[in-house]
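Each chain is listed here by its residues.
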Amino acid sequence: MKPTRLLLPLALLSCALAQHTSNWAVLVSTSRFWFNYRHLANVLSMYRTVKRLGIPDSQIILMLSDDIACNPRNAFPGTVYNNADRALDLYGDNIEVDYRGYEVTVENFIRLLTDRVEPDTPRSKRLLTDDRSNIFIYMTGHGGNEFLKFQDAEEISAFDIADAFEQMWEKKRYHEMLFMIDTCQANTMYSKFYSPNILATGSSKLDESSYSHHADNDVGVAVIDRYTYYNLEFLENNVQTASSKDTMKDLFDSYDMEKIHSTPGVRTDLFRRDLKDVLITDFFGNVQNVEVDGEDGSWQEEILELSRLAINFTMPRRNGGCKSAGQEEKTGPAVRNVGAVRVEEKEGWSKNAMGVGALLACGIAWVAGSTLL
Amino acid sequence: MRLPSPLRPAGSLLCLLSLAAAALAVGPGKHSSYAENLLLKTLPGNSVLASFRFVSNGTFDNHHSIFPRSLAQILHASRTKELHLKFTLGRWDASQWGSQIWDGRTAGGTGVELWAWVEASSDAEANARWTTLNNALSGLFCASLNFIDSTRTIRPVMSFQPDGHHSDDALARLHLLHGTLPREPVCTENLTPFLKLLPCKGKAGISSLLDGHKLFDAQWQSMSIDVTPVCEGEGEGEGETERCQLQMVQTVDMVLDVERSLRKKDSVIPKPPPIEHMACDPDKFYAGGDSCFPLDHVSDLPWSLSGMFGRPIRGSCPLARVPGVEPVHVCASVPDERPIFASAGGQERRQGDNLRCFVLEENQDFDIILPLQSPPLPLPLTAPPLHASRSFTGHGQEHGGVQAVLHNPSLDRAVDFVYLESLPWFMKPYLHTFSAALTDAPPTHPKIVQEIYYRPALDRRRGTQLEVRMRVPPNATAIVTYDFAKAVLRYTEYPPDANRGFDIAPAIISVLSRENDGSYRTTFSVRTTSLLLSLPTPDFSMPYNVIILTSTVMALAFGSIFNLLVRRLVGAHETGGLGLLGRVRERVAEVVARLGRRGKEKVL
């Protein structure tokens, strides 16, 4: 144990350079209504990509703001396509949506990022990251100068996100972050960031719209946005496996204004590493470096301890001792207070007589009062 | 209290009898066990009902149990003893398809419906555990079950009875809570976790047919999970020796339109067929030439499992095995006269009238094919004990009314049932306007309402619960009506798509049968459709306009009044000498100006 303690500062030093031990993705579509099909297709395309490159469902927080796949207007129930050739069904057979419909709100999004959630929130709805986690955040919807509309009802501002990220940094909730956003005037959304280790990219600069790529006539609406389409094209063609050595620089260099029809932006001033050294799979894939320390056989104890932790974490109620809780319950009798009360209809003249009496008394009092005065 | 098994066949359908018997065989035992079967039934109008049923038994503690651990942990943490969770989409058309499958006990109302018996010593504790349960299930099933809060929770008194085995002692401590989300969409993300609970995970056995693309294309579909405790030694004295297990019955029922399912292969977007291929009604006066009134259902279309579901059954699930009982995997309830061709992967067992069953082999695909049948050959329909429909009456933004029509189709038997409404707080019924009467009853007819339980709504804290026990005589129609007021919501309480309206949960009708001890038990369930209530909805941009305009007016008014009040207007000649401050300021300005001039000179 002691030698490992001595090695600890060394290990920390190495991790400060470039190490992450888990990959997470937060994928948010913020638009409601059928005609915003493309925003859900955007986000589901990214979902498929990160899943393809190995991030498991348990580490993907998928926020879908409306039900598009099973929408009555959808001629293809249970499917979402991002291309008119309809070769790939993004919804597929295996999908886990963590926040959906009305749950996609600014409040829930910020609570998710900062992990200030209700005590009963299930694990699948939490971003359980630490200071060694790389997070990929992708957002799409309708936006404007320094805001992004949520659900046609509210909006998040660039300052809100910047502050949420700062809080995440203070709480050691990320190691590095890639923020990607596809909306109109998207680049304004990351202009207010001030926390370290954030790499940000957006689809269009101030006063520029972000455009859809093409429509599918059978679906009846546009199916994907241009910026996301060309990002995907690069990822599909170049990053075919999680062992790909393509870097973020390659991705950003592939952006072509002619194709995207807007000016994609990249913000690197907060990011410490050179983009040439940042693999795409650092954010899109599930690739980590494993450190092994303390090779003195104590790992078995540690694994035991870990499993104990895991049990306590998944079942907090067990922690206090299942037996005592059970015994406590066996005591006190059940206090029952049924909400609904039986309604009885009373027949007879007594109630009527009482009512008439009350009315008469009022009348007499009024007459008496007016004559006496 | 010993209650009959939840799988007791209460219906009269022969096919159900046999299936339920197979399921019943999966009784409690030392080990966990699992059985699955699929019932296919042809319905009138070229529809096919496919009912998947998966029964697994297990315990909390067993690590190798077939009972899914993820669900067991949730039940344990929230002290839930019995759980019923339903995801339903569409409407069961009883007039066309007859009595609902499994006596309507497995399907819920449109959207998501959840009820559970939670062990707790007080109401507050029960509510807390209910919240825990809802949140945990929302994570497991990717549904917004966490939206079932106090305003959507009711505690029915008469409608539901526990299906599992609970001791009298335990029953006294159980709290029944019920919540509905009529607006909740049901989609693939709900099916994915559903399949993951199965031991074969949809990879083998009948569950390999389950595919979101087909399931959510159905005319009516329902996914349900019922977890009940099942104890051994039924009928004997309760001792510590009895072994209790959890039984989970997962059901997926769907009504597929044969024509629609088969058409999808060629073209997704429906196009009318050329007139030569249409069967026209020659009795119409305009028949002939280029006019055609298409005839419905001139024949039963041919179909196969692989055609309808996109793939055949991939062998049997090796875990679906009950010792001592030959498993029956697939049954087809099809008229005996209609041939069924089965592929090699299964052996046919003929069971009773209009029912053929198949036993599947492992690792071998199985498919059945039904050829074209002309003229159509329908199965005899069973009428449900009660037909129910519900609608809104009235007009305007302030008041409204609800009318439910309940028809007893039986010619010789009165029907007892409980009509349960769970209304949101912003729909406020007036109980004094409640009336339930037969449409054509003689004045001497006894009242049909037997008992009413009512819990009034509290604004923003709880909804209305209305539970009415009624008795409708044979071949009679009862009409239930009541009026309600619409509340005006706060600006922030409207959902993002407020103009769509607010979904009102389906009414739940539980048909009762009287037990020997005088108590009632639910034998059949009917749900009405959900309703869409439109509330007075503001123009949501209006507040901004008002705020902006008001602020402008305020600023103008305040500015000018403030100006008048504070500013003193004086003529230039009226000003005296400058004050001390003024003189100092003047001197400083002079010095600065001189320095500036000197600096410039230097530069030059």
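Residues numbered from 1 in each chain as written. Chains lettered and ligands numbered in written order. Predicted model: local features only at pLDDT ≥ 70, side-chain atom pairs only at ≥ 80, totals over all residues. Heavy atoms only, no water.

**Points about the overall build of chain B**
Now for step 1: Each helix and strand counted, chain B has 11 helices and 27 strands in total.
Now for step 2: Scaling as 2.2 N^0.38, a compact globule of 604 residues should have a C-alpha radius of gyration of about 25 Å, whereas chain B reaches 34 Å, well beyond that.
Now for step 3: If one aligns the C-alpha atoms of chain B with their principal axes, the spans along those axes are about 120 × 80 × 75 Å.
Now for step 4: Per-residue burial over chain B gives 49% buried out of 604 residues.
Now for step 5: In chain B, once contacts between residues fewer than 6 apart in sequence are set aside, the share between residues at least 24 apart is 74%.
Now for step 6: When the 60 positive and 62 negative side-chain charges of chain B are each reduced to one mean point, those points stand 12 Å apart. (Helix = DSSP H or I, 4+ residues; strand = E, 2+ residues; numbered from the N terminus. Rg over C-alpha atoms; globule rule 2.2 N^0.38 Å. Buried < 20%, exposed > 50% of the residue type's maximum accessible area, 1.4 Å probe, protein only. Contact = heavy atoms within 4.5 Å. Lys, Arg positive; Asp, Glu negative; His and termini not counted. Charge placed at Lys NZ, Arg CZ, Asp CG, Glu CD.)

**Some details on the environment of A:Arg272**
Residues and elements named next belong to chain A.
Now for step 1: Within the element layout of this structure, Arg272 appears in the loop between β12 (265–267) and α8 (281–284).
Now for step 2: Owing to a relative accessible area of 63%, Arg272 belongs among the exposed residues under this scheme.
Now for step 3: Once the C-alpha coordinates of Arg272 and Leu199 are considered, the two residues, 73 residues apart in sequence, prove to be 9.1 Å apart.
Now for step 4: Residues contacting Arg272, with those up to four places away along its chain left out, are Trp169, Pro196 and Asn197.

**Things to note about the packing of helix α2 (residues 69–77) of chain B against helix α4 (residues 123–141) of chain B**
Residue and element names in this part refer to chain B.
Now for step 1: Contact geometry for α2 and α4: axes closest at 9 Å, N-to-C directions at 170°. One element, α2, and the other, α4, form an angle in the roughly antiparallel class. Considering the relative orientation of α2 and α4, their crossing is right-handed. Taking contact as the criterion, the partners of Ser70, Leu71 and Ile74 in α2 are, on α4, Leu133, Ala136, Leu137, Leu140 and Phe141.
Now for step 2: Split into classes, the residues belonging to the contact of α2 with α4 amount to seven nonpolar, one polar and no charged. (Axes fitted to C-alpha atoms, helices over the stretch in contact; angles between N-to-C directions. Parallel < 35°, antiparallel > 145°, perpendicular 65-115°, else oblique. Left-handed = near helix turned anticlockwise from the far one by under 90°. Nonpolar A, V, L, I, M, F, W, Y, C, P; charged D, E, K, R; others polar.)

**Some details on the interface of chain B and chain A**
Now for step 1: Every contact between the two is made by 57 residues of chain B and, on the other side, 50 residues of chain A.
Now for step 2: Summed over both sides, the interface between chain B and chain A buries roughly 4,500 Å², with carbon and sulfur atoms accounting for 51% of that surface.
Now for step 3: Broken down residue by residue, the surface that chain B buries against chain A is led by B:Glu189, B:His213 and B:Pro496, which jointly contribute 13%.
Now for step 4: One can count five salt bridges joining chain B with chain A.
Now for step 5: Joining chain B to chain A, the criterion identifies 24 residue pairs in polar contact (both at pLDDT 80 or more).
Now for step 6: Elements supplying a minimum of two residues to the side of chain B that touches chain A: α2, α4, β6 (174–181), α6 (188–196) and β21 (449–455) of chain B.
Now for step 7: The residue inventory of the side of chain B that touches chain A, partitioned by class, reads 22 nonpolar, 18 polar and 17 charged.
Now for step 8: One ladder, built from three bridges, connects strand β13 (residues 341–343) of chain A with β21(B); its direction is antiparallel. Across the sheet, residue A:Val343 finds its bridge partner in β21(B), namely B:Ile452. (Buried area = accessible area lost by both parts, 1.4 Å probe. Salt bridge = Lys/Arg side-chain N within 4 Å of Asp/Glu carboxyl O. Polar contact = N/O pair within 3.5 Å; in protein donor to acceptor, adjacent residues only side chain to side chain. Pairing = 2+ DSSP bridges.)

**So, the state of the cysteines**
Now for step 1: Taken as a whole and judged by the stated rule, the model has five disulfides over all chains.
Now for step 2: Across a sulfur-sulfur distance of 2.1 Å, A:Cys70 and B:Cys187 are joined as a disulfide pair. What sets the handedness of the A:Cys70 and B:Cys187 disulfide is the S-S torsion sign, and at about 80° it is right-handed. With one member in each of two chains, A:Cys70 in the loop between β2 (60–64) and β3 (99–100) and B:Cys187 in the loop between β6 and α6 form a pair that bridges those chains. Here A:Cys70 and B:Cys187 have matching classes, each one buried. (Disulfide = S-S within 2.5 Å.)

**What about the pattern of salt bridges?**
Now for step 1: A complete count under the given rule lists 41 salt bridges over all chains for this structure.
Now for step 2: The partner of B:Asp217 in a salt bridge is B:Arg260, with the nearest N and O atoms 2.5 Å apart. Within this pair, whereas B:Asp217 is found in the loop between α7 (212–215) and β7 (220–231), its partner B:Arg260 is found in helix α8 (residues 258–263), the two being separated by 43 residues in sequence.
Now for step 3: One salt bridge in this structure joins B:Arg471 and B:Asp416, with 2.6 Å as the shortest N-O distance. In this pair, B:Arg471 sits in strand β22 (residues 464–472) while B:Asp416 sits in strand β19 (residues 415–423), placing the two residues 55 residues apart along the sequence.
Now for step 4: Owing to a relative accessible area of 38%, B:Arg471 belongs among the partly exposed residues under this scheme.
Now for step 5: B:Asp416 sits in the buried class, given a relative accessible area of 10%.
Now for step 6: A single salt-bridge network, built from bridges that share partners, covers A:Arg32, A:Asp66, B:Arg183 and B:Asp497.

**So, the packing of aromatic side chains**
Two aromatic rings, taken as a pair, are described by how far apart their centres are and by the angle between their planes.
Now for step 1: If you walk through the whole model with that rule in mind, you get 29 aromatic pairs over all chains.
Now for step 2: Ring plane angle 45° and centroid distance 6.4 Å describe the contact between A:Phe136 and A:Tyr138, whose orientation is recorded as tilted.
Now for step 3: On the basis of an interplanar angle of 50° and a centroid distance of 5.6 Å, the ring pair of B:Phe392 and B:Phe484 is categorised as tilted. With B:Phe392 in strand β17 (residues 387–393) and B:Phe484 in strand β23 (residues 476–486), the pair connects residues that are 92 residues apart, well separated along the chain.
Now for step 4: Taking relative accessible area as the criterion, B:Phe392 reaches 26% and is therefore assigned partly exposed.
Now for step 5: With relative accessibility at 1%, the residue B:Phe484 sits in the buried group.
Now for step 6: Ring-pair connections join several aromatic residues into one group, and the members of that group are B:Trp425, B:Phe426, B:Tyr491, B:Tyr494, B:Phe502 and B:Phe540.
Now for step 7: Stacked on the ring of B:Trp102, the Lys or Arg B:Arg53 has its end atom at 3.9 Å from the ring centre.
Now for step 8: When the ring centre of B:Phe293 is taken as reference, the NZ or CZ atom of B:Lys284 above it lies at 4.4 Å. (Phe/Tyr/Trp six-rings, centres within 6.5 Å; stacked < 30°, edge-to-face > 60°. Lys NZ or Arg CZ within 6 Å of the ring centre and 35° of its normal.)

**Points about the confidence of the model for chain B**
All names here are of chain B.
Now for step 1: Confidence in the prediction of chain B, expressed as mean pLDDT, is 85, and 90% of residues score 70 or more.
Now for step 2: Considering each helix and strand of chain B separately, the mean pLDDT is smallest for helix α1 (residues 14–24), with a value of 43, and largest for strand β18 (residues 399–408), with 95.
Now for step 3: Under a pLDDT of 50 for its full length, residues 1–29 has, in the predicted model, 71 contacts with residues more than four places off or in other chains.
Now for step 4: For this predicted complex, the interface score ipTM comes out at 0.84, while the overall pTM is 0.83. (pLDDT = per-residue confidence, 0-100.)

**Some thoughts on the nonpolar core**
Now for step 1: Formed by 124 residues in total, the largest nonpolar core has its most connected members in A:Leu27, A:Tyr37, A:Leu44, A:Phe136, A:Met248, A:Phe284 and B:Phe52.
Now for step 2: Of the residues forming this core, the biggest block, eight residues, is contributed by helix α2 (residues 37–52) of chain A.
Now for step 3: Sequence-distant contacts of A:Leu44, defined by excluding residues within four places in its chain, comprise A:Leu62, A:Leu64, A:Val80, A:Leu90, A:Tyr91 and A:Ile95. (Core = buried A, V, L, I, M, F, W, Y, C linked by side-chain atoms within 4.5 Å.)

**Quick look at the packing of α2(A) against helix α5 (residues 226–238) of chain A**
To describe two helices that pack against each other, one gives the angle between their axes and the distance between the axes.
Residues and elements named next belong to chain A.
Now for step 1: Running from amino to carboxyl end, α2 crosses α5 at an angle of 20°, the nearest separation of the two axes being 10 Å. Accordingly, the angle class assigned to the pair α2 and α5 is roughly parallel. In this structure, α2 meets α5 at a crossing whose hand is left-handed. Along its contact with α2, which presents Asn42, Ser45, Met46, Thr49 and Arg52, the element α5 presents Thr228, Asn231, Leu232, Leu235 and Glu236.
Now for step 2: Looking at side-chain class alone, the contact of α2 with α5 contains three nonpolar, five polar and two charged residues.

**A short note on helix α4 (residues 158–170) of chain A**
Residue and element names in this part refer to chain A.
Now for step 1: In a regular helix each residue adds 1.5 Å, so 13 residues correspond to 18 Å; α4 covers 18 Å between its end C-alpha atoms and thus fits that length.
Now for step 2: Of the positions making up α4, those classed as buried are Ala158, Ile161, Ala162, Ala164, Phe165, Glu166 and Met168.
Now for step 3: Buried residues in α4 make contact with α3 (106–114), β4 (133–140), β7 (154–157), β8 (176–182) and β9 (198–202). (Expected span 1.5 Å × (residues − 1).)

**Comments concerning the sheet that holds strand β9 (residues 303–304) of chain B**
All names here are of chain B.
Now for step 1: Strand order across the open sheet formed by three strands is β9-β16-β12, with antiparallel pairing between neighbours. Two strands close off the open sheet at either side, each with one partner strand: β9 and β12 (341–342).
Now for step 2: Examined bridge by bridge, β12 and strand β16 (residues 368–370) share two bridges and lie antiparallel to one another. Each bridged residue has a counterpart across the sheet, and for Phe341 the counterpart in β16 is Ile369.

**Let's talk about the sheet that holds strand β5 (residues 153–154) of chain B**
Residue and element names in this part refer to chain B.
Now for step 1: Strand order in the open sheet formed by 11 strands is β5-β6-β4-β3-β7-β8-β2-β1-β11-β14-β13, with mixed pairing between adjacent strands. Pairing within the sheet leaves two strands with one partner each, and these edge strands are β5 and β13 (346–350).
Now for step 2: Judged from the 10 bridges that link them, strand β1 (residues 34–43) and strand β2 (residues 47–58) form a sheet pairing that is antiparallel. By the bridge assignment, Ala35 is partnered in β2 with Val55.
Now for step 3: The sheet contacts of α6 involve β3 (80–90), β7 and β8 (244–257), and relative to β7 the element is tilted by about 35°.

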